[in-house]
Amino acid sequence: NFITKLSALCLRKSKMQQRHQSSRRPAVPLGSRILTDPSKVFEHNMWDHMQWSQEEEENAKEKAAENSLVKVQWEDQDKYEREASKYWNEFYKTHKNNFFKDRNWLFLEFPEILPEKRRQELKTEERSSEHTKINSTNSFSHKNEMFEEDEKYWKKNFGGGSTSVEGYVYNKNQAKSLTDNPQGKNCGEELGRLEFFPGSDATYRILEVGCGAGNSVFPILKVLCNTPGTFLYCCDFASGAVELVKSHSSYNSAWCSAFVHDVCDDALPYPFPDEILDVILLVFVLSTIHPDRMQAVVNRLAKLLKPGGMLLFRDYGRYDTAQLRFKKGHCLSENFYVRGDGTRVYFFTKDEVRNMFNLAGLTEVQNLVDRRLQVNRKKKVKMQRVWIQSKFQKPL
């Protein structure tokens, strides 16, 4: 009858949507691809919202305790601290902008990056393009780029296999659009003692700390070029990284200011006054800083936010596969390690993150443990990934 036929049609449509969804970027927050049948674990590269058993939790703790038994010598620890910028400069000199893939997932997990009006416009654009994507044969080729950032570290320092992914390069028309769109000028704010500075005419300002080669910068700029009144600052303490950003074909000083800055040095001034930033982006950066210096860094960044401004955070979580793969002799201090190339990494808990940002006077909006199962389908290898994703706001 009619109801039976209608039900069958809806079921077929639902299954088709699920197949398409599982091959593209999952829904937010933190995805919606749930592993319900363990026999199908190798059908996808990533499974979301994984729950660890007590046994898995205990095994992870044991591995971390074991690889932490032998600490790096104090003189070497001092060298890694003093020469941190040197190691990151060597990293970017070697890899240039070919190491990390562009973070096009940023606007899905962190829509707060953009002004409210632009967010709504992007939602409309996404809805209008969704039908085209679903009917395109290319819709199944999209990879979940959010989690590829450290795979090459594994290959280089831990022997894991991964595929090289080059950074996104805009075509001539996109690059031209950055140049041809003039910066909107509407500055009615009192900006303190500085009368003029990069982005002084903007009404919405973003800072990315630890910009690297620009894997967040250029996806953001691609959107900002159509958003008058916005401005993006980006900094890194590796001068080689900042040069890579400035030399990119899509870099334009009308919309962006890239500068060298060591966030651990409180004496270094920023090229803009305090309390003018709407958003600070801190993605896989705080983990590179010595744990003893993290609180001071967060305190200083909080002063840059205007009341109501947001700090968006994503970084490594405790007992992530990257932590458990370290060999003895790489541990600097508890949950803090040095990689084979001299760069360092810390693995956070959700409580540690909350405490740091609360002490800096910021209010928690979101603070999640992102547990995923990443698989190498070719080698039939399973890896438990753990990240912390958070949003904190400066009180009005």
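Heads up: these notes are all about the structure in this document. It should be emphasised that the depicted structure is a prediction, and the values quoted were computed from it without experimental measurement.

Calculation notes
- Residues numbered from 1 in each chain as written.
- Predicted model: local features only at pLDDT ≥ 70, side-chain atom pairs only at ≥ 80, totals over all residues.
- Heavy atoms only, no water.
- Helix = DSSP H or I, 4+ residues; strand = E, 2+ residues; numbered from the N terminus.
- Buried < 20%, exposed > 50% of the residue type's maximum accessible area, 1.4 Å probe, protein only.
- Contact = heavy atoms within 4.5 Å.
- Areas by Shrake-Rupley, 256 points an atom, 1.4 Å probe, with all protein chains shown as cover.
- Pairing = 2+ DSSP bridges.
- Axes fitted to C-alpha atoms, helices over the stretch in contact; angles between N-to-C directions.
- Phe/Tyr/Trp six-rings, centres within 6.5 Å; stacked < 30°, edge-to-face > 60°.
- Lys NZ or Arg CZ within 6 Å of the ring centre and 35° of its normal.
- Right-handed = clockwise from strand over helix to strand, strands pointing away.
- Salt bridge = Lys/Arg side-chain N within 4 Å of Asp/Glu carboxyl O.
- Arc of directions from axis to C-beta.
- Parallel < 35°, antiparallel > 145°, perpendicular 65-115°, else oblique.
- Left-handed = near helix turned anticlockwise from the far one by under 90°.
- Nonpolar A, V, L, I, M, F, W, Y, C, P; charged D, E, K, R; others polar.

**Description of the overall build of the protein**
- What the protein contains, in helices and strands, is 13 helices and 11 strands.
- In the protein, buried positions account for 49% of the 396 residues.
- Once local pairs closer than 6 in sequence are excluded, the contacts in the protein between residues at least 24 apart make up 75%.
- With an accessible surface of roughly 19800 Å², the protein has 51% of that area assigned to carbon and sulfur atoms.

**Concerning the sheet that holds strand β11 (residues 381-393)**
- One open sheet accounts for eight strands, arranged β1-β10-β11-β6-β5-β2-β3-β4; its pairing is mixed. In this open sheet, the two strands that pair with only one neighbour each are β1 (46-47) and β4 (256-260).
- Direction of pairing for strand β2 (residues 204-209) relative to strand β3 (residues 230-236): parallel, over a ladder of six bridges. Opposite E208, over in β3, you have C234 as the bridge partner.
- Docked against the sheet, helix α11 (residues 291-304) engages β2, β5 (277-283) and β6 (305-316), running at close to 140° with respect to β6.

**Quick look at unusual backbone geometry**
- Positive phi values are uncommon outside glycine, yet E275 reaches one of about 60°.
- Its place among the elements puts E275 in the loop between β4 and β5.
- For E275, a relative accessible area of 45% translates into the label partly exposed.
- Positioned with a positive phi, N335 is a non-glycine residue whose angle comes to about 65°.
- Relative to the elements of secondary structure, N335 occurs in the loop between β7 (331-333) and β8 (336-338).
- On the accessibility criterion, N335 (8% relative accessible area) is buried.

**Focus: the packing of aromatic side chains**
- Going through the model one piece at a time under the given rule, you end up with 18 aromatic pairs.
- By the ring-pair criterion, three or more aromatic residues cluster together here, those being F313, F336, Y346, F348, F357 and F392.
- Positioned over the ring face of W52 is R371, at 4.5 Å from the centre of the ring.

**Let's talk about the pairing of β2**
- Of all six residues that make up β2, six are buried, and the element is covered over most of its length.
- Alternating positions in β2 separate into two faces, Y204, I206 and E208 on one and R205, L207 and V209 on the other, with burial throughout.
- Each parallel crossover has a hand, and for β2 linked through helix α9 (residues 217-224) to β3 it is right-handed.
- Bridge count between β2 and β5: three bridges; the pairing is parallel. From the neighbouring strand, I206 faces β5, where its bridge partner is V279.

**Quick word on the pattern of salt bridges**
- Per the stated rule, a full pass over the model turns up 17 salt bridges.
- Close ionic contact of R82 with E83 constitutes a salt bridge, the shortest N to O distance being 3.9 Å.
- Classification of E83 by relative accessible area gives partly exposed; the value is 22%.
- For R385, the salt bridge is made with D320, and the minimal N-O distance between the two is 2.8 Å. With a gap of 65 residues between them, R385 in strand β11 and D320 in the loop between β6 and α12 (321-324) connect regions that are remote in the sequence.
- A relative accessible area of 0% means that R385 is categorised as buried.
- Sharing partners across several salt bridges, the network here consists of D78, R82, E83 and K86.

**A look at helix α13 (residues 350-359)**
- Looking only at α13, the buried set comprises V353, M356 and F357. Within α13, the buried residues cover an arc of 90° as seen down the axis, which keeps them to one side.
- Looking at the buried residues of α13, the elements they touch are β5, α11, β6, β10 (363-376) and β11.

**Focus: the packing of α11 against α13**
- α13 packs onto α11 with a crossing angle of 50° between their chain directions and a minimal axis gap of 8 Å. Taken together, the axes of α11 and α13 are oblique relative to one another. Crossing geometry of α11 relative to α13 is assigned as right-handed. For the pair formed by α11 and α13, the contact residues are M294, Q295, V298 and N299 on the first element and N355, M356, F357 and L359 on the second.
- Among the residues making up the contact of α11 with α13, the classes are represented as five nonpolar, three polar and no charged.

**Concerning the sheet that holds strand β9 (residues 344-346)**
- Strand order across the open sheet formed by three strands is β7-β8-β9, with antiparallel pairing between neighbours. Only two strands of the sheet have a single neighbouring strand rather than two, namely β7 and β9. Neighbour to neighbour, the strand axes of the sheet diverge by 30° on average, direction disregarded.
- Pairing analysis gives two bridges linking β7 to β8, with the strands arranged antiparallel. Residue pairing for β8: C331 is matched across the bridge by Y337.

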